[in-house]
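# Inside the fold
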Amino acid sequence: MRDPGRDSGWRRVWDEPLFKTGVGIVGLLAVVGLLLTALNDIGEISFDFMASHWSFLLRYALTSLEATVISFAVGFGLAIPMGLVRAFGPGMIRRGGLARGVASPLYAIVTGYAEVIRGTPALVQIFLIQFWVTSTFQGVPGISLWAGIAALSVNTTGYQTEVFRAGFQSVGQGQIEAAKSIGMRPTQTFASITFPQGLRLITLPLANEWIALFKASSLLWLIAVQELLWGMDYIGTKLNHPIDAFILGSFFYLAILIPLSRAVTFLERVKRIPGLGVAEPQRRALFAARFARLDRV
Amino acid sequence: MIDREKPMVEVRKVRKSFGDLEVLRGIDMQVKKGEVLVIVGPSGSGKSTLLRCINLLIQPDSGDIFLEGVKVNDPDIRPEWVRQQIGMVFQSFNLFTHLTALKNVMLGLTKVKRLDGLEAEKIARYELERVGLADKADAYPAQLSGGQQQRVAIARALALNPKVMLFDEPTSALDPEFIHEVLDVMTKLANEGMTMVVVSHEMGFAKSVADELIFMDNGVIVEVGVPEEVFASPKTDRMRAFIGKILG
Ligand SMILES: Nc1ncnc2c1ncn2[C@@H]1O[C@H](COP(=O)(O)OP(=O)(O)O)[C@@H](O)[C@H]1O
Ligand SMILES: [Mg+2]
């Protein structure tokens, strides 16, 4: 049997989420690296080409990132009130009177919006909005990027609305009643209870939406936005190195997405509140229990 | 000079229906300052609805609610102003799950009373100490036992210095071993002169602490009296049957 005293130090390090992630990524990179080296050696791909063109692609990667960050932020801002309407509209409608008069049309509009956005292809939305924006603002420099950002914003707003709806709905009625009972006004209840609790419950789906949106930003290539996919295609075609260009570009997507999703997971664990959201890291508790038992033997 | 006779809370001819179901069918009751009123009655008889009407979590369909002689179910009166003067303790505790015990108690002080953080913290720590939980200030609700959560909930209500405290079956969601610690806190409060309306089937508590006991059934008050007398010699068959049931 292993010596638990010496082992547990290692176990603690191994149990660190950051350490595990690090090992995973380094391992994966090693495997991919070996494969690529082999391909490079037989002349299928060219490291030299990649090394001399990565800085060219960086500019375009930043454009993709910019489009994603701006549209995600716009979507986030719009999805909060829209998610509120989705979550609490039906209750207000049931109450009748003035509440019903205000809530009914709002609820119908927001629900329709979310259904249409989630029920049609993102590319169709992008084309539609691009036609409208470019014909309205003809000749404005850089307008295709702004049309693309507008389209991605419209798209992610629909998805984020549903994410927020789910988050707000899963905040218990008892929480809201307790807030009311100490004399908090509806806006205070939302700011201090519903929003912070809801946000915790939806951290993961929100991160997933960010990831999906970043990848969807490659669709903007089809409306001539000079983003990462456009850059890959440009050097790939022009210099006749398509495979190298696409592999290189893929690394940019990964280099942005993997650290981000890891950071979210890490933050979620560090900032975790007992009884809310993510479950307790079970392995650590299991190891602790096992060693406690060994100590006593 | 405190007028001991002026009712702290008075309920007059209150009626409330949910759809076709009339849950309160003309309730009249009052609690004087410093008194403890215990309400008993079978499940579904309207006890929770009555408490919720008193602090306006529910608007009565008709009838009046007075707090220290002021009619509070009035369109000119903000329900938030009424609620911050009335403490409420729920069967299921309803502590804010994302806040520590201390922050739970502080929230009303900073948001509703608009005290600054330091002052709010001082009061909150004092209230936690009053319920015997000074050492649990940094614990989250999920890290506390049911009895401890309910005591934090009491501290949260007390922090706003309410004129009256409403308790809706505060011990019925608790494991038996935690019931006494909550009842102890409530007894202490009553002895300090807090005005209380308590929905509870804890007969020992009612007998030793309550000034008056109300038996509700089917949305009406069936019997009122001094707890010991009502329990010893119920005047109505319904009350007799009910006592038989809670004694098992
Ligand atoms: N918000 C509500 N909507 C519809 N029916 C309700 C609501 N609240 C309570 N009721 C009904 O009113 C009756 C009395 O409920 P309640 O006041 O909770 O009784 P008790 O607390 O005495 O058990 C029950 O039949 C309950 O189902
Ligand atoms: Mg009840």
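### Here's the deal with the pattern of salt bridges
Residue and element names in this part refer to chain A. For the structure on display, the rule yields 16 salt bridges over all chains. Note that Glu-162 is salt-bridged to Arg-118, the shortest N-O span being 4.0 Å. You can see Glu-162 sitting in helix 6 (residues 143–169) and its partner Arg-118 sitting in helix 4 (residues 97–119), a full 44 residues away along the chain. Judged by its relative accessible area of 9%, Glu-162 is buried. The class of Arg-118 is partly exposed, set by a relative accessible area of 36%.

### Things to note about the interface of chain A and chain B
Contacts between the two partners involve 21 residues from chain A and, on the opposite side, 25 residues from chain B. Roughly 2000 Å² of surface becomes buried between chain A and chain B when both sides are summed, with 61% attributable to carbon and sulfur atoms. Our count for the chain A to chain B interface comes out at one salt bridge. Where Glu-177 of chain A meets Arg-52 of chain B, a salt bridge forms, and the shortest distance between an N and an O atom there is 2.4 Å. Our enumeration of links across chain A and chain B arrives at eight residue pairs in polar contact (both at pLDDT 80 or more). Within the residue set of the side of chain A that touches chain B, elements represented by two or more residues are helix 7 (173–181) and helix 8 (186–201) of chain A. Examining the composition of the side of chain A that touches chain B, we find that seven residues originate from one element, helix 7 of chain A, more than from any other.

### Brief notes about the nonpolar core
Of all hydrophobic cores here, the largest spans 92 residues; its most connected members are Ile-154, Met-165 and Met-196 of chain B. The contact partners of Met-196 of chain B, leaving out residues within four places of it in the chain, are Val-31, Glu-35, Val-36, Leu-37, Val-164, Met-165, Phe-167, Met-186, Leu-189, Ala-190 and Phe-205 of chain B.

### Considering the packing of aromatic side chains
Counted under the stated rule, the structure contains 13 aromatic pairs over all chains. Where Phe-56 of chain A meets Tyr-60 of chain A, the ring centres are 5.2 Å apart and the plane angle is 45°; that geometry is what we call tilted. Of this pair, Phe-56 of chain A and Tyr-60 of chain A both sit in helix 3 (residues 47–95), separated by four residues, roughly a single helical turn. Relative accessible area serves as the criterion here: at 5%, Tyr-60 of chain A is assigned to the buried category. Summarising the aromatic geometry, the rings of Phe-214 of chain A and Tyr-253 of chain A are spaced 5.5 Å apart at their centres and angled 65° between planes, so their arrangement reads as edge-to-face. With Phe-214 of chain A in helix 9 (residues 203–216) and Tyr-253 of chain A in helix 11 (residues 242–270), this pair connects stretches of sequence that are 39 residues apart. Site record: aromatic cluster; members linked through ring pairs are Phe-72, Phe-76, Phe-164, Phe-168, Phe-190 and Phe-195 of chain A. Over the face of the ring belonging to Phe-96 of chain B we find Arg-156 of chain B, whose NZ or CZ atom lies 4.6 Å from the ring centre.

### Digging into the pairing of strand 2 (residues 21–32) of chain B
Residues and elements named next belong to chain B. As defined by bridge partners, strand 1 (residues 7–18) adjoins strand 2 across nine bridges and the pair is classed as antiparallel. Bridging across to strand 2, Val-14 finds its partner in Ile-27. Once strand 1 ends, the chain turns through two residues before running back antiparallel as strand 2, passing Gly-19 with a positive phi of about 60°.

### A few points about the confidence of the model for chain B
Put simply, chain B has an average pLDDT of 95, and 98% of its residues get 70 or more. Prediction confidence for the complex, expressed as pTM and ipTM, is 0.86 and 0.94 respectively.

### Let's talk about the sheet that holds strand 9 (residues 212–217) of chain B
All names here are of chain B. Taken together, six strands build an open sheet; the order of strands is 6-7-8-3-9-10 and the sheet is mixed. Looking at strand neighbours, the two that pair on one side only are strand 6 (86–89) and strand 10 (220–225), the edges of this open sheet. Across this sheet, the average inter-strand angle for adjacent strands is 20°, counted without regard to direction. Note: strand 3 (residues 36–40) against strand 9, four bridges, orientation parallel. Considered in strand 9, the bridge of Ile-39 is made with Ile-214. The strands touched by helix 9 (residues 237–247) are strand 3, strand 9 and strand 10; relative to strand 9, the strand with the most contacts, the crossing angle is about 100°.

Thresholds, definitions, all that
Residues numbered from 1 in each chain as written. Chains lettered and ligands numbered in written order. Predicted model: local features only at pLDDT ≥ 70, side-chain atom pairs only at ≥ 80, totals over all residues. Heavy atoms only, no water. Salt bridge = Lys/Arg side-chain N within 4 Å of Asp/Glu carboxyl O. Helix = DSSP H or I, 4+ residues; strand = E, 2+ residues; numbered from the N terminus. Buried < 20%, exposed > 50% of the residue type's maximum accessible area, 1.4 Å probe, protein only. Contact = heavy atoms within 4.5 Å. Buried area = accessible area lost by both parts, 1.4 Å probe. Polar contact = N/O pair within 3.5 Å; in protein donor to acceptor, adjacent residues only side chain to side chain. Core = buried A, V, L, I, M, F, W, Y, C linked by side-chain atoms within 4.5 Å. Phe/Tyr/Trp six-rings, centres within 6.5 Å; stacked < 30°, edge-to-face > 60°. Lys NZ or Arg CZ within 6 Å of the ring centre and 35° of its normal. Pairing = 2+ DSSP bridges. pLDDT = per-residue confidence, 0-100. Axes fitted to C-alpha atoms, helices over the stretch in contact; angles between N-to-C directions.

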